Amino acid sequence: ITKGAKKLLGTHDFSTFRASNCYSKSPIKTLTKASINKRSEKIIFQFKSKSFLQNQVRSMVGCLVYLGQKKWSLKKFENVFKSRKRILCAPPAPAHGLYLLKVNY
């Protein structure tokens, strides 16, 4: 799962993780941090970027969970990410438990 998160780092086309009603001008985003840590019974995902697409984080987490549950191999995860096809994306993680930690201007 950590290897999958590392594949997301850098500047990429994140169309796979984009909601169909997203109004962002470009699906190209730069992810500068993607980390996963376990604290007791919780799994903490942290992502850092200048901006995100609508549903991007929930969709990335959903795909990483599939990877962690062994529903997908790392190769399948990479292929889905690179496909830029939303239809291939795992179901997004539920909104509860996810929150915005900080905004810098």
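For the structure itself, look to the data block above.
Model, not experiment: these values are computed from the prediction.

A.B. asks: Mind showing me how you'd approach helix α2 (residues 56-68) here?
C.D. replies: Structurally, the α-helix is built with 3.6 residues per turn, so residues lying three or four positions apart point the same way. An ideal rise of 1.5 Å per residue puts 18 Å on 13 residues; α2 measures up with 18 Å between its terminal C-alpha atoms. Along α2, the residues that are buried comprise Q56, S59, M60, V61, G62, C63, L64 and L67. Close packing links the buried residues of α2 with α1 (2-8), β2 (28-39), β3 (42-49) and α3 (74-83). Downstream of α2 by a residue or two, K70 has a phi angle that is positive, lying close to 65°.

A.B. asks: Explain the pairing of β3 here, please?
C.D. replies: Side-chain direction in a regular strand flips from residue to residue, so the side chains alternate between the two faces of the sheet. Where β2 lies against β3, 8 bridges are found, and the strand directions are antiparallel. Paired with A34 across the bridge in β3 is F47. As consecutive antiparallel partners, β2 and β3 are separated by 2 residues, and within that stretch S40 has a phi angle of approximately 45°, a positive value.

A.B. asks: Any chance you could explain the pattern of salt bridges here in plain terms?
C.D. replies: Any two side chains of opposite charge can pair, so long as their charged atoms come close to each other. Applying the stated criterion to the full structure yields 2 salt bridges. With its nearest N and O atoms 3.5 Å apart, the salt bridge here joins E78 to K7. Taken together, the residues span a long stretch of sequence, with E78 in helix α3 and K7 in helix α1 at a distance of 71 residues. Classification of E78 by relative accessible area gives buried; the value is 16%. In this structure, D13 engages R84 in a salt bridge whose closest nitrogen and oxygen atoms are separated by 3.8 Å. Taken together, the residues D13 in strand β1 (residues 10-13) and R84 in the segment after α3 connect sequence positions 71 residues apart.

A.B. asks: So what exactly am I meant to see when it comes to α3 here?
C.D. replies: Buried within α3 we find F77, E78, V80, F81 and S83. In the stretch just after α3, R84 is the one whose phi turns positive, near 60°.

A.B. asks: Would you mind going over a nonpolar patch on the surface with me for this structure?
C.D. replies: Together, L100, V103 and Y105 make up a nonpolar patch on the protein surface, roughly 460 Å² of accessible area in all. Within the secondary structure layout, V103 lies in the segment after α3.

Basis of the calculations
Along every chain, residues carry numbers that run from 1 in the direction the sequence is written. Totals for whole chains, interfaces and linings use all residues, but because this is a predicted model, local features are given only for residues with pLDDT of at least 70 and pairs of side-chain atoms are given and counted only at 80 or more. The side-chain quantities take in all heavy atoms of the structure and omit both hydrogens and water. The helix and strand labels rest on DSSP assignments: H or I over at least four residues marks a helix, E over at least two residues marks a strand, and numbering proceeds from the N terminus. Multiplying one less than the number of residues by 1.5 Å gives the expected span of a helix. Any residue under 20% of the maximum accessible area for its type is buried, any over 50% is exposed, and the rest in between are partly exposed; the area is computed with a 1.4 Å probe on protein chains only. A contact between two residues is defined here by any heavy atoms of the two lying within 4.5 Å. Any two strands with at least two DSSP bridges between them are considered paired. Counted as salt bridges are all cases of a side-chain nitrogen of Lys or Arg within 4 Å of a carboxyl oxygen of Asp or Glu. Nonpolar side chains (Val, Leu, Ile, Met, Phe, Trp, Tyr) are joined into patches within 5 Å and like charges within 9 Å, using only residues with over 30% relative accessible area and no salt bridge. Each accessible area is a Shrake-Rupley estimate made with a 1.4 Å probe; only the visible protein chains count as cover when residues are assessed.

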